[in-house]
Amino acid sequence: MAETLSLTGANGVSEIHIETGLLNRAGAVILETFSPSRVHIVSDSTVAPLYLEKLEKQFSLPVTHTVIPAGEEHKQLSTVEGIYHDLLAAGMTRKDLIIALGGGVVGDITGFAAATFLRGVSLCQIPTTLLAQVDSSVGGKTGVDLPEGKNLVGAFYQPRLVIGPNVLTSLPDSTFADGMAEVVKYGYISNREILTMVSQPDYKSNIENIIYECVKIKRDVVAIDEHDTGLRMILNFGHTIGHAAEKLGNYTDLTHGQAVAIGMVAAMRLSALLGNENLTAPLIDILKHIGLPTELNYDREAIFNALLSDKKKFGATVNFILVREAGRAEITPIDAEKLHEYVLKL
Ligand code: GLY
């Protein structure tokens, strides 16, 4: 299967190519879209030793690179500044091309560097994790963290090209499971067929189709609400309590996918407390089948406080994503005081 999805955003059309093994001919695909004089690739210390040389060899024009240290703790402004210096040293101009080769952190940092260097240089995302393929490489959210919280500085900047999936077969099981949390999210918010696919014993062999269905949902949501003022919030199912748990675990106890899995279960419980159908049990079954955690092991008062300090708080209400039935979710503003009561009961 080889599929291309197009997304029209404020800074042009983004093409998302989905074909297993595309990294092997990424250079040719890239030069069908861009005509740069030079290319600068940003990768990290985990991915670069595996795939950077393979990608660089596919270009006959000047190619330079920056290899950043792997890990969310490096998703900060000083890392971006280092990339700017490398871009200047390489003689990059606005007509050239920046490529992000890596997972979500590399994509977010590189996207922000591309959005801001010389006020915007063309960007290609080559996601190498499942999470980056189904979520962060698509939709144009870029940025870095501050000591006060995650993703507090950033820009909406669509890549003109996204190429994947890549090298998923060589991912450790835990990294694969991490991305599957976002896959399950798409199933619950928009397409229950994804849940059927994921529930199969050999779901990994169908991953290209699963990715395609997820990216299609993300494309459709972002096409309607690129700047995250309404519908796009639906993609945050499981993320409100998930982010709070990630924060309480100092961003080291839980991976993002694990936090989202736990957050989705908590959101389902909360939905049942509000009188909706209780869909918690089937969700837990799917998450266990994938190998993801389901229990929220943090003090509820601390979860509530962390949740309120998250940027999705709007005055006296918090926008919560509640699943009404598998495949259908709604953005539900909940009064902060009421939410406090519910969180204590989770
Ligand atoms: N990861 C959620 C979004 O792109 O809006």
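Structure: see above.
First, a word on scope: everything that follows refers to the structure included in this document.

Rules of the game
- Residues numbered from 1 in each chain as written.
- Predicted model: local features only at pLDDT ≥ 70, side-chain atom pairs only at ≥ 80, totals over all residues.
- Heavy atoms only, no water.
- Helix = DSSP H or I, 4+ residues; strand = E, 2+ residues; numbered from the N terminus.
- Buried < 20%, exposed > 50% of the residue type's maximum accessible area, 1.4 Å probe, protein only.
- Arc of directions from axis to C-beta.
- Contact = heavy atoms within 4.5 Å.
- Polar contact = N/O pair within 3.5 Å; in protein donor to acceptor, adjacent residues only side chain to side chain.
- Pairing = 2+ DSSP bridges.
- Axes fitted to C-alpha atoms, helices over the stretch in contact; angles between N-to-C directions.
- Near = heavy atom within 4 Å.
- Areas by Shrake-Rupley, 256 points an atom, 1.4 Å probe, with all protein chains shown as cover.
- Salt bridge = Lys/Arg side-chain N within 4 Å of Asp/Glu carboxyl O.
- Right-handed = clockwise from strand over helix to strand, strands pointing away.

### Observations concerning unusual backbone geometry
Next, step 1: With an omega of 0°, the peptide bond running from Gly 164 to Pro 165 counts as cis.
Next, step 2: Mapped onto the fold, Pro 165 is located in the loop between β9 (161–164) and α6 (173–189).
Next, step 3: With a phi close to 55°, Asn 250 is a non-glycine residue in the positive phi region.
Next, step 4: Following the sequence through the fold, Asn 250 ends up in the loop between α9 (239–248) and α10 (256–273).
Next, step 5: Although it is not a glycine, Tyr 251 adopts a positive phi angle of roughly 60°.
Next, step 6: The class of Tyr 251 is partly exposed, set by a relative accessible area of 32%.

### Brief notes about helix α13 (residues 336–345)
Next, step 1: All of the buried residues in α13 are Ala 336, Leu 339, Tyr 342 and Val 343. Mapping the buried residues of α13 onto a view down its axis gives an arc of 115°, with all of them on the same face. In α13, the exposed positions that point more than 90 degrees away from the buried face belong to Glu 337 and Lys 345.
Next, step 2: Of the surrounding elements, those touching the buried residues of α13 are α10, α12 (300–309), β11 (317–325) and β12 (328–335).
Next, step 3: One side-chain oxygen of the residue at the start of α13 lies 3.2 Å from the amide nitrogen of Glu 337, identifying that residue as Asp 335.

### Some points on the side chain of Glu 182
Next, step 1: For Glu 182, the location among the structural elements is in helix α6.
Next, step 2: By relative accessible area, which is 0% here, Glu 182 ends up buried.

### A word on the sheet that holds strand β1 (residues 3–9)
Next, step 1: Read across the sheet, seven strands follow the order β1-β2-β9-β6-β5-β3-β4 without closing on themselves; strand pairing throughout is mixed. Two strands close off the open sheet at either side, each with one partner strand: β1 and β4 (63–68). Recorded for the sheet is a direction-independent mean angle of 15° between the axes of neighbouring strands.
Next, step 2: In the packing of helix α3 (residues 77–89) onto the sheet, contacts are made with β3 (39–44), β4 and β5 (97–102), and the angle to β4 comes to roughly 165°.

### Some remarks on the site of the ligand
Next, step 1: Close to the ligand lie Asp 135, Lys 141, Lys 218, Arg 232 and Leu 235.
Next, step 2: Asp 135 is positioned with one of its side-chain polar atoms (N or O) 3.1 Å from a nitrogen atom of the ligand.
Next, step 3: Its free accessible area being 200 Å², the ligand has 88% of it covered by the protein chains.

### Points about the pairing of β12
Within a regular strand, side chains alternate between the sheet's two faces.
Next, step 1: Bridge count for β11 against β12 is eight bridges, and the pairing is antiparallel. Each residue of the ladder has a partner; that of Asn 319, found in β12, is Pro 333.
Next, step 2: Linking two consecutive strands that pair antiparallel, namely β11 and β12, is a turn of two residues; a positive phi of about 100° is found at Gly 327 within it.

### Quick notes on the pattern of salt bridges
Next, step 1: As enumerated under the stated definition, the model contains 18 salt bridges in all.
Next, step 2: Across the salt bridge formed by Arg 25 and Glu 19, the nearest N and O atoms sit 3.0 Å from each other.
Next, step 3: In this structure, Lys 57 and Glu 53 form a salt bridge, with 3.5 Å as the shortest nitrogen-oxygen distance. Here Lys 57 matches Glu 53 in class, with each residue exposed.
Next, step 4: What you see here is one network of salt bridges that share partners, running through Arg 192, Arg 324, Glu 325, Arg 328 and Glu 330.

### Thoughts on the pairing of β4
Next, step 1: Across six bridges, β3 lies against β4 in parallel orientation. Each residue of the ladder has a partner; that of Val 42, found in β4, is Thr 66.
Next, step 2: Taken together, β3, helix α2 (residues 48–56) and β4 form a β-α-β motif whose crossover is right-handed.

### Overview of the environment of Glu 81
Next, step 1: Inspection of the secondary structure assignment puts Glu 81 in helix α3.
Next, step 2: Take Glu 81: its relative accessible area is 45%, and that puts it in the partly exposed class.
Next, step 3: Counting along the chain gives 32 residues from Glu 81 to Ala 113, while the straight-line C-alpha distance between them is 8.2 Å.

### Digging into helix α7 (residues 192–199)
Next, step 1: Ile 194, Leu 195, Met 197 and Val 198 are the residues of α7 that are buried. The buried residues of α7 all sit within an arc of 160° when viewed along its axis, so they share a single face.
Next, step 2: Buried positions along α7 lie against α6, α8 (207–224) and α11 (280–290).
Next, step 3: With a side-chain oxygen lying 2.9 Å from the backbone nitrogen of Glu 193, the N-terminal cap of α7 falls on Asn 191.

### Comments concerning the side chain of Asp 145
Next, step 1: By the element assignment, Asp 145 lies in strand β7 (residues 141–146).
Next, step 2: On the basis of relative accessibility, which here comes to 11%, the residue Asp 145 falls in the buried class.
Next, step 3: At 2.8 Å, the side chain of Asp 145 forms a polar contact with the backbone nitrogen of Asn 151.
Next, step 4: Contact partners of Asp 145, with chain neighbours within four places excluded, come to Glu 72, Lys 75, Gln 76, Lys 150 and Asn 151.

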